[in-house]
Amino acid sequence: MNWEQLLSLKRYGDSNKRIRKEQDETRLGFEVDYDRVIFSSEFRSLQDKTQVIPLSETDFVHTRLTHSLEVSVVGRSLGRRVGQKLLEKHPHLQNVHGYKTNDFGAIVAAAALAHDIGNPPFGHSGEKAIGEFFKTGEGKKYKDQLTAKEYQDLCDFEGNANGFKILTESRSGRNGGLRLSYATLGAFMKYPKESLPKKPTKHITDKKYGFFQSEKDAFLDVATDLGLVKRSDKDVSFSRHPLAFLVEAADDICYTIIDFEDGINLGLIQEEFALEYLINIVRDKIKTENYYALSNREDRVSYLRALAIGTLIDEAVDIFIKHEEAILNGDFNCALLDKSKYEAQINDIIKISIENIYQSTDVVDKEIAGYGVINTLLEAYTKAINNCFDNTASNYDKLILKSLPKTIKVDDASLYNRLSNVCYYVSLLSDSKAILNYKKIKGIDI
C-alpha cells in the first residue's frame, strides 16, 4: 500500500478524482467528512443509545454519542501526531501532493466519529439479540432460503458492517450515502472482510467482518481505489487501511479508561482502584500534590483519566511509526495497544470493568429487557413484510407496515434484502424509540 492512494480525496458516489492541492484551505476536504457525519440523523440518534449503562438516568455516564465524540478527539490527536512524523519521513507527501499534518487528523477524527454509527439500540447486546433472532429464534426458518453468507450476515449482525451501509447506501435522493472521502471510509473499515469464513485466522482483521453482502460492490470499489492489500483469492478479504489502526486505538483508549471512570463515578468500582490500576500508566506524569489537592472524587479521577489517555496516545503513535512498513505491507496482525508496554495494566483495568460494570446487575437486567424488545420488533416486522410480499398479510400485518417509514422497501423481490431492511430499521432506533415501538406492538402504550 502507498500513502498517495490511501489518502484519496475521491468521494463515494462521485466519479471525479480530487487533488489535495486544489482544496480550499478554509475548509479542507477531509474536514467535510466530519461535518457530514455529525449532521446526519443516524449520528444524532447515538445520544439515546447505550454505551455501558443502559438507559442511565445520571448525567455523567456516557452514551454512544458522547463516547463517539471523545473517541474522535483522541483520534484527531493520534492522526495529527502520526501525520507529522509521516510527513517528516516522506516529505514528498507534502512537497509534491500537498498533504498537511491536519489531513491525517481530520481523516481519523471523521472515521472515529462514525465508528459506532451502525450500532443498534442496547449496546453490543443489541447486535447479539438481532443475531440470535435468526440463529435460534423465529428467523431461523429463513436459513434455507438464503445463501450461506447472507444468512451469516444476519446471524452475526455486525455494527461495523451496518455502519458501512449507513455511510455508503444511496437512498431518498442521497446518492452515495453521506458521500465521504474514500480515505475516511477506508479508515472506518476495521474489519475489511465479509462474514464468511468466520475468524479464519487470529489476524486482527479477521476478528469480525466489515460489510454486508448488500454492500459488497461498494466495499470492493473503496478497497480497490485505495489499493488495500488483498488477503484471500477465495473470499473478499483485505488488509486494513493503516489509519484504521489509529481509529481502533482511539476507541480502545477511550472505552478502557473512560468506562473505568464511569464505573468509579457510579460507585461500582472503589476510587482507590483508580490510583492502584492507573498509577503504573501515569507514574511518569502524575504530580501527587496536584492529585491530593483536588477536593472531590470526580475531579481526582478526571485528573488520572486525562494523564492516562495522554500516555496511551504517546504510546500508540510510537508503535504505529515503529511498525509503519509492516502496516503498509499488511503484515501487522494485532491492535496497536497489544504492543504497548502498558498491556498488562490495560488488561487489569478491562478485567475489573467487566466484573464490576459490564456484568453488574443493572446492566444485565436491562440487557435482558433489550433482548425482549428487539426480538418482538423483529418478529412483528419480518412477519408483516414477508406476508405482504406473499399476499397473505392479515389486517394486523398491514397496520404494522403502516407504522414503518416509507424508506423500508416491502416489495423487494430478494428475501435477504427484505430481512436486511428490517434489521437496518431496527438498528437505527434509539433505546427509547425501540421501547416505545415495543409497547405499541404489545398494546401496552397508545
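Below or above, wherever it landed, is the structure these notes cover. (Residues numbered from 1 in each chain as written. Predicted model: local features only at pLDDT ≥ 70, side-chain atom pairs only at ≥ 80, totals over all residues. Heavy atoms only, no water.)

**Observations regarding the overall build of the chain**
- Counting its secondary structure elements, the chain contains 21 helices and zero strands.
- The C-alpha radius of gyration of the chain comes to 22 Å, within 12% of the 22 Å expected for a compact globule of 446 residues.
- Expressed along its principal axes, the backbone C-alpha trace of the chain runs to roughly 70 × 55 × 40 Å.
- Taken over 446 residues, the chain has a buried fraction of 55%.
- Summing over all exposed atoms, the chain offers an accessible surface of approximately 19,300 Å²; the carbon and sulfur share of this is 48%. (Helix = DSSP H or I, 4+ residues; strand = E, 2+ residues; numbered from the N terminus. Rg over C-alpha atoms; globule rule 2.2 N^0.38 Å. Buried < 20%, exposed > 50% of the residue type's maximum accessible area, 1.4 Å probe, protein only. Areas by Shrake-Rupley, 256 points an atom, 1.4 Å probe, with all protein chains shown as cover.)

**Details of the side chain of threonine 376**
- By secondary structure assignment, the location of threonine 376 is in helix α18 (residues 361–389).
- With residues up to four places along the chain from it excluded, the contact list for threonine 376 reads Tyr438, Ile441 and Lys442. (Contact = heavy atoms within 4.5 Å.)

**Details of empty space enclosed by the protein**
- Throughout the structure, instances matching the rule amount to three cavities of 30 Å³ or more.
- Around the largest cavity sit Asp153, Leu154, Phe157, Asn162, Lys165, Phe212, Ser214, Tyr416, Ser420, Cys423 and Tyr424, which together line it.
- Of all the elements in the fold, those that place two or more residues in the lining of the largest cavity are α8 (148–155), α9 (159–168) and α20 (415–428).
- Looking at the lining of the largest cavity, the element that brings in the most residues is α20, giving four residues.
- A breakdown of the residues in the lining of the largest cavity according to their chemical character gives six nonpolar, three polar and two charged.
- In this structure, the second largest cavity occupies an estimated 40 Å³ of space.
- Along its surface, the second largest cavity is lined by Ile257, Phe260, Glu261, Ile264, Ala274, Leu278, Val301 and Arg305. (1 Å grid on protein atoms, 1.4 Å probe; cavity = no way out; pocket = protein on both sides within 12 Å on 5 of 7 lines; lining within 4 Å. Points joined across faces, edges and corners; volume = space filled by probe spheres on them. Nonpolar A, V, L, I, M, F, W, Y, C, P; charged D, E, K, R; others polar.)

**Describing the packing of aromatic side chains**
- Within this structure, the stated rule accounts for 11 aromatic pairs.
- Each ring, one from tyrosine 381 and one from tyrosine 425, has its centre 5.6 Å from the other, and the planes form 70°; the classification is edge-to-face. Here the residue tyrosine 381 occupies a position in helix α18, and tyrosine 425 occupies one in helix α20, the gap between them amounting to 44 residues. The pair formed by tyrosine 381 and tyrosine 425 is uniform in burial state, with each residue classed as buried. (Phe/Tyr/Trp six-rings, centres within 6.5 Å; stacked < 30°, edge-to-face > 60°.)

**So, unusual backbone geometry**
- Note that the residue after leucine 196, namely proline 197, is joined by a cis bond; omega there is 0°.
- Within the secondary structure layout, proline 197 lies in the loop between α10 (182–188) and α11 (216–226).
- For arginine 179, which is not glycine, the phi dihedral falls at a positive 55°.
- Within the element layout of this structure, arginine 179 appears in the loop between α9 and α10.
- In this structure, lysine 199 is a non-glycine residue whose phi angle is positive, near 45°.
- Note on placement: lysine 199 falls in the loop between α10 and α11.

**Here's the deal with helix α6 (residues 101–113)**
- A rise of 1.5 Å per residue sets the reference length of α6, with its 13 residues, at 18 Å; its end C-alpha atoms lie 19 Å apart and thus fit the reference within 8%.
- Most of α6 sits out of view: 11 of its 13 residues are buried.
- Of all the residues in α6, the buried ones are Asp103, Phe104, Gly105, Ala106, Ile107, Val108, Ala109, Ala110, Ala111, Ala112 and Leu113. (Expected span 1.5 Å × (residues − 1).)

**What to know about the environment of phenylalanine 133**
- Looking at where phenylalanine 133 falls in the secondary structure, it is placed in helix α7 (residues 123–135).
- Residues phenylalanine 133 and lysine 230 lie 97 residues apart in sequence; the distance between their C-alpha atoms is 33 Å.
- Look past the residues within four positions of phenylalanine 133 in its chain and what remains in contact with it is Glu138, Gly139, Lys140, Asn375, Leu378, Glu379 and Thr382.

**Details of the packing of helix α4 (residues 64–89) against α6**
- Viewed as axis vectors pointing N to C, α4 and α6 meet at an angle of 150°, and their least axial separation amounts to 7 Å. Taken as axis vectors, α4 and α6 run roughly antiparallel relative to one another. In the crossing of α4 with α6, the sense of the turn from one axis to the other is right-handed. For the pair α4 and α6, contact is made by Ser68, Leu69, Val71, Ser72, Gly75, Arg76, Gly79, Arg80, Gly83, Gln84, Leu86 and Leu87 and by Thr101, Asn102, Phe104, Gly105, Val108, Ala109, Ala112 and Leu113, respectively. (Axes fitted to C-alpha atoms, helices over the stretch in contact; angles between N-to-C directions. Parallel < 35°, antiparallel > 145°, perpendicular 65-115°, else oblique. Left-handed = near helix turned anticlockwise from the far one by under 90°.)

By themselves, these are just geometric observations and shouldn't be taken as functional.
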